[in-house]
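# Structure at a glance
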Amino acid sequence: MPFATPEQPASRRPPVRDAESPRRVTLLELFFDLVYVVALALISRGLITDLGWERAVQALIMLMAMWWTWAITTLVTDMYDPQRPQIKLLIIAVMFGALLMTTAIPEAFGARGLVFAGTYVAIHLGRGLFLMPAVRHHRQTQRRAARIFIWFAVSAVPWLIGGALTHDDAREWLWALALTIDYVGFRLAYPVPGLGVVPDAQRNVTAEHLSERYQQFFTIALGDAILVTGTVFSLHHSEVENLVAFAVAFSTTLLLWRIYVHKSGELLPHAIARSKEPSRFLNTAPYTHLLMVAGVVTTAAGFDLVLLEPTGHTPPAWMAVILGGPAMFLVGRAAFEYEVFSRVSLSRPGGLLALLTIAPAVLFLPPLFAALGAMLVLVGVAVADYLRSRGKPPEDPDPPH
């Protein structure tokens, strides 16, 4: 069914994208991203407060919740026309809610749990309540919005119960359950009795727009690492220690960027465009990029530790953060490479093996040496990438079929 007829005024057309609509990212979308600069910084800083497994789980839950508000909003701007006033208003409303969630991050597992959970639920349910009447003249699009709304209504129950409880352990379990519902529902295409699943025809993506959005968010995550490097630079140690720690942090950030963009990052839009099933990318990209973003955020937390205390022994929890960040990034980067080329370079598992190999020795070395070891592993991965492609013609993407 066409989205408009000659007799149908533009103001009454459903705010969905058509074949002629612009595919570039709008300035409002870039403005929307500013919220996540603050959110990622608060999550990485909070990770090293009373560092331990419980704190790590809490940081992951908050990151997954913030990421999901961004990822679903990005899909909305891919499927609907972000130049239409209704969608602009929706983006601004989600931005307000995401910023309110961000303010609650430091106390999300304390006094402000209900604010964090309630705002998350309001964003996702409110979006459905807004879109369903907006697309009422386009039945298939309305049914898609209804399926998504129903799944978020189900996950709202553990979100709100967890936010109302005062016991951290119960809140963690309930919020983990809620996130599982949200993430699995998306992966299964939101099946609902009587409505079925979202058809593949409605899960196609715009290569130029969606790839640019994921590239931009990864850059925001790197901005968190730069922010930590610039603001936590310590003057409590010798100038040599300060400068070496600073150089290691900056170089590691540069290597993360280089490894991300090398081939796969550059060719992402072409890989989506060449895929026989563009919806396949939609099924995997939110998860692979979440892993890479989590790796960068954890690495930024490691910078915080190293810049403040580069000397002494490295506690096990510090080692897990300093080496675990690059390890998570490499896991996500391997999955990302498979999305684009249907293969995984040996440098990815090789880098993971190298990080595991140096982990025991790191416990007997200063944190600065742990960070230096992680940086050298990333250097090895970047050099292997360069040598593999040097002197060869540009490689065409070959996404899985």
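These lines cover the structure that appears in this document, whether it is placed above or below. Just so you know, these numbers come straight off a predicted model, no measurement behind them.

### A word on the packing of aromatic side chains
- Taken as a whole and assessed by the stated rule, the structure comprises 21 aromatic pairs.
- The interplanar angle of 40° and the centroid separation of 4.4 Å between the aromatic rings of Y120 and W159 together place this pair among those described as tilted. With a gap of 39 residues between them, Y120 in helix α4 (residues 113-134) and W159 in helix α5 (residues 139-164) connect regions that are remote in the sequence.

### Considerations on the side chain of D304
- Residue placement: D304 occurs in helix α9 (residues 278-308).
- D304 sits in the buried class, given a relative accessible area of 5%.
- Contacts of D304, omitting those with residues within four sequence positions, involve R45, I48, V228 and V232.

### Points about the layout of surface pockets
- Of the volumes computed, that of the largest pocket is approximately 500 Å³.
- Taken together, 23 residues form the lining of the largest pocket, with L47, W53, A56, T298 and M328 sitting closest to its centre.
- Of all the secondary-structure elements, those providing two or more residues to the lining of the largest pocket are α1 (27-47), α2 (53-79), α9 and α10 (316-341).
- Element by element, the count of residues in the lining of the largest pocket is highest for α10, at seven residues.
- Split into classes, the residues belonging to the lining of the largest pocket amount to 19 nonpolar, four polar and no charged.

The rules behind each value
All chains use their own residue numbering, which begins from 1 and follows the written sequence. Local features in a predicted model are, by the rule used here, given only for residues with pLDDT of at least 70; side-chain atom pairs are given and counted only at 80 or more, and totals for whole chains, interfaces and linings are based on all residues. Where side-chain values are given, they derive from all heavy atoms of the structure, hydrogens and water being excluded. In this scheme Phe, Tyr and Trp rings, the latter by its six-membered ring, pair at centre separations within 6.5 Å, and the angle between planes marks the pair as stacked below 30 degrees, edge-to-face above 60, and tilted otherwise. Working definition: helices are DSSP H or I runs of at least four residues, strands are E runs of at least two. Numbering for both runs from the N terminus. Between buried and exposed lies partly exposed: a residue is buried under 20% and exposed over 50% of the maximum accessible area for its type, with that area taken using a 1.4 Å probe on protein chains only. The contact criterion used throughout is that any non-hydrogen atoms of two residues lie within 4.5 Å. Cavities and pockets are defined on a 1 Å grid built over the protein atoms alone: a cavity is a set of grid points where a 1.4 Å probe fits but cannot escape, while a pocket is an open set with protein on both sides within 12 Å along at least five of seven lines, and lining residues are those with an atom within 4 Å of any such point. Grid points are joined across faces, edges and corners, and a volume is the space filled by probe spheres set on the points. In this classification, Asp, Glu, Lys and Arg are treated as charged, Ala, Val, Leu, Ile, Met, Phe, Trp, Tyr, Cys and Pro as nonpolar, and every other residue, Gly included, as polar.

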